[in-house]
Amino acid sequence: MALSQIILELLKGLGVSVEIFAITLLFSLPLGLLVAFGRMSKNGVVSGLTKAYISIMRGTPLMLQLFVVYYGPYYLCHIKLSPTYRNSAVYIGFIINYAAYFAEIYRSGIQSMPVGQYEAADILGYSRVQSFFRIILPQVLKRILPSITNEVITLVKDTSLAFSISVMEMFTKAKALSSSQTSMTPLIVAGVFYYVFNFIVAFLMERIEKKMNYYK
Amino acid sequence: MNLLEMKNVKKSFGDLQVLKDISLTVADGEIVSIIGPSGSGKSTLLRCATLLETMDAGTLKYEDTVVADNASDGRAAYADKETLRKIKQVYGLVFQQFNLFPHWNVLQNVTDAVIHVQKKSREEAEKIGRELLEKMGLADKEKYYPYQLSGGQQQRVAIARALALNPKVLFFDEPTSALDPELTGEVLKVIKSLKDLHIAMVIVTHEMAFARDISDKVIFMADGVIVEEGSPEHVFNSENERMQSFLGRYKNIL
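Definitions and limits used
- Residues numbered from 1 in each chain as written.
- Chains lettered and ligands numbered in written order.
- Predicted model: local features only at pLDDT ≥ 70, side-chain atom pairs only at ≥ 80, totals over all residues.
- Buried ≥ 20, exposed ≤ 12 C-beta atoms within 10 Å, placed from the backbone.
- Helix = DSSP H or I, 4+ residues; strand = E, 2+ residues; numbered from the N terminus.
- Arc of directions from axis to C-beta.
- Contact = placed C-beta atoms within 7 Å.
- Expected span 1.5 Å × (residues − 1).
- Pairing = 2+ DSSP bridges.
- Nonpolar A, V, L, I, M, F, W, Y, C, P; charged D, E, K, R; others polar.
- Axes fitted to C-alpha atoms, helices over the stretch in contact; angles between N-to-C directions.
- Parallel < 35°, antiparallel > 145°, perpendicular 65-115°, else oblique.
- Left-handed = near helix turned anticlockwise from the far one by under 90°.
- Core = buried A, V, L, I, M, F, W, Y, C linked by C-beta atoms within 7 Å.
- pLDDT = per-residue confidence, 0-100.

**Examining helix α5 (residues 115–123) of chain A**
1) Next: Buried within α5 of chain A are the following residues: Ala 120, Ala 121 and Ile 123 of chain A. One face of α5 of chain A carries all of its buried residues, which in axial projection span an arc of 165°.
2) Next: Contacts from the buried residues of α5 of chain A go to α6 (128–158) of chain A together with β7 (91–94) of chain B.
3) Next: The first or second residue beyond α5 of chain A is Gly 125 of chain A, which carries a positive phi of 95°.

**Topic: helix α6 (residues 181–193) of chain B**
All names here are of chain B.
1) Next: For α6, which comprises 13 residues, the first-to-last C-alpha distance of 18 Å matches the rise-based estimate of 18 Å (1.5 Å per residue) to within 8%.
2) Next: Listed in full, the buried residues belonging to α6 are Thr 184, Val 187, Leu 188 and Ile 191. The buried residues of α6 occupy an angular sector of 100° when projected down its axis, which confines them to one face. Facing away from the buried surface of α6 by more than 90 degrees, the exposed residues are Glu 182 and Ser 193.

**With respect to the pairing of strand β2 (residues 16–27) of chain B**
Residue and element names in this part refer to chain B.
1) Next: Sheet topology places strand β1 (residues 2–13) next to β2; eight bridges connect them, and they run antiparallel. Looking across to β2, one finds that Lys 11 is bridged to Leu 19.
2) Next: Between the end of β1 and the start of β2, which pair antiparallel, lie two residues, with Gly 14 showing a positive phi angle near 65°.

**With respect to the interface of chain A and chain B**
1) Next: The interface is formed by 16 residues belonging to chain A together with 18 residues belonging to chain B.
2) Next: Among the elements of the structure, α5 and α6 of chain A are those that each provide at least two residues to the side of chain A that touches chain B.
3) Next: Its residues assigned to classes, the side of chain A that touches chain B shows eight nonpolar, five polar and three charged.

**A short note on the sheet that holds β7 of chain B**
Residue and element names in this part refer to chain B.
1) Next: If you walk across this open sheet you meet the six strands as β7-β8-β9-β3-β10-β11, and the pairing is mixed. Looking along the sheet, the strands with just one partner apiece sit at the ends: β7 and β11 (225–230). On average, each strand axis in the sheet is inclined to that of its neighbour by 15°, with strand direction left out of account.
2) Next: Pairing analysis gives five bridges linking strand β10 (residues 217–222) to β11, with the strands arranged antiparallel. The residue of β11 that forms the bridge with Ala 222 is Val 225.

**Section: the sheet that holds strand β6 (residues 76–78) of chain B**
Residue and element names in this part refer to chain B.
1) Next: On the basis of which strands lie adjacent, the open sheet formed by five strands has the order β2-β1-β4-β5-β6 and antiparallel pairing. Unpaired on one side and paired on the other, β2 and β6 mark the two borders of the sheet. On average, each strand axis in the sheet is inclined to that of its neighbour by 15°, with strand direction left out of account.
2) Next: Examined bridge by bridge, strand β5 (residues 65–70) and β6 share three bridges and lie antiparallel to one another. Of the residues in β6, the one forming a bridge with Ala 68 is Tyr 78.

**Examining the packing of helix α1 (residues 3–40) of chain A against helix α8 (residues 185–211) of chain A**
Residues and elements named next belong to chain A.
1) Next: Closest axis-to-axis distance for the α1/α8 pair is 10 Å, and the angle between their directions is 50°. Judged by the angle between their axes, α1 and α8 are oblique. For the crossing formed where α1 meets α8, the hand is right-handed. Across from Leu 3, Ile 6, Ile 7, Leu 10 and Leu 14 in α1, the residues of α8 making contact are Thr 185, Pro 186, Val 189, Ala 190 and Phe 193.
2) Next: By residue class, the composition of the contact of α1 with α8 is nine nonpolar, one polar and no charged.

**Description of unusual backbone geometry**
Residues and elements named next belong to chain A.
1) Next: Of note, His 78 is a non-glycine position whose phi angle comes to about 55°, a positive value.
2) Next: With respect to the helices, strands and loops of the structure, His 78 is situated in the loop between α3 (62–77) and α4 (85–111).
3) Next: According to the C-beta neighbour criterion, His 78 is exposed, with 7 such atoms within 10 Å.
4) Next: For Ser 166, which is not glycine, the phi torsion reads 60° and is therefore positive.
5) Next: Counting through the fold element by element, Ser 166 comes out in the loop between α6 and α7 (170–181).

**A look at the nonpolar core**
A general feature of soluble globular proteins is that nonpolar side chains tend to end up buried together.
1) Next: Of all hydrophobic cores here, the largest spans 83 residues; its most connected members are Ile 34, Ala 160, Val 169, Phe 171 and Val 202 of chain B.
2) Next: A total of six residues in this core trace back to one element, the largest contributor, which is helix α5 (residues 151–163) of chain B.
3) Next: Look past the residues within four positions of Val 202 of chain B in its chain and what remains in contact with it is Val 26, Val 32, Ile 34, Leu 46, Val 169 and Phe 171 of chain B.
4) Next: In terms of nonpolar packing, the next biggest core, distinct from the first, is built from 31 residues, Leu 66, Ala 100, Ile 105 and Val 156 of chain A among them.

**So, the confidence of the model for chain B**
1) Next: When pLDDT is averaged along chain B, the result is 93, and 98% of the positions lie at 70 or above.
2) Next: Among the prediction metrics, the complex's ipTM stands at 0.93, with pTM recorded as 0.89.

**Considerations on the pairing of strand β4 (residues 57–62) of chain B**
On any regular strand, side chains alternate: one points to one face of the sheet, the next to the other face.
All names here are of chain B.
1) Next: Two strands pair when backbone bridges link them, and β1 and β4 are joined in this way by five bridges, in the antiparallel orientation. In the strand pairing of β4, Leu 4 is matched with Tyr 62.
2) Next: As paired elements, β4 and β5 share three bridges and run antiparallel to each other. By the bridge assignment, Tyr 62 is partnered in β5 with Thr 65.
3) Next: Linkage of β4 to β5, two consecutive antiparallel strands, is achieved through a turn of two residues, within which Glu 63 is found at a positive phi near 50°.

Given below as structure tokens:
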């Protein structure tokens, strides 16, 4: 198999990887904020439940979580889902896992805000929702951006875990090609692709960080 | 009618009773200074008046709106949310640490609440904002971010931000305590210049000469009670022992 063919095949897989990456971010970033609110809730039941959820998501392997999401409906409830559920399972697994990590990042950012910002907003008559979205959150985002960057880079590499439930993303393809061709080349090419992917992610995040540096 | 009326205010933090039984009235346009040693409860009193703290007991009234009153169990009961939200339009507060919003430039700091809380047009808000910045001597700074300004300039922006909402009474919580003497002077000068606006001011301060010169009424607090109050002449010439020992340290500058 010519190198160009390997590259072509892997690019198709890369498309799937990028999809997992984008959909996970799109949903887990806002969901994480919601979870962070739950975690900081004064309601003991809500904060207890979210705390347990975060603890489980962070304390067990993502690969195992993917298995549970994919096979769980059948083994636990005898619900037979169509094979296309495979992709949904990956999205669900990634989103609920990353939301838990993002929640803790949001929480650390929100709790690091000086109380004077809340008090000033309160005195000026802003509602709680207004002061959060106009005053607190923009500053929190700037503070947590380096931690978010870390997670996003990890996510790029984690998409390869979709291999465990046979989703045809880049790593699954590379592994299959490597076996059928008895060659390292597909794995090396995939490695280069992951690296370039992350290089671009890091570059973009740095740009955003610089953009937010207009104030201290 | 009094603009602000606080009666028999009590407040404790755990076992520490910070306000023991404080009553205070502020008339329309009146300038009141509150002086006293650190830990005497001055700031807590201001924070109770501005609803940043809740009183344990006592009454709080702005004009004819009762914000809090003693319930049958003797503890202060606060009015409904809507009343509390509305009452915030009556007063403003200038903090010791300025508490400007660092992600907004000077003009936005001054105008944002005018636009998003008072729902005035951007055009009108910016007109109000620019006039106030001019009055504060900051006309050329509207595009600056707080971190680019000196402490004195930041505090003047904070004063403009509070004034932009057109309060009837403006509270100052040690407005110059975070500033060096040079910057203190410029901020005190600005506060003095607010006299022509005829809004009431309640100023917690350690600047004795300033308090004497600007105030209609001076209140001396110690250990959670008002020890002496009245005209500046009366308070600063008081024979009260506690007052004398406190003022002793300032005698040379008065």
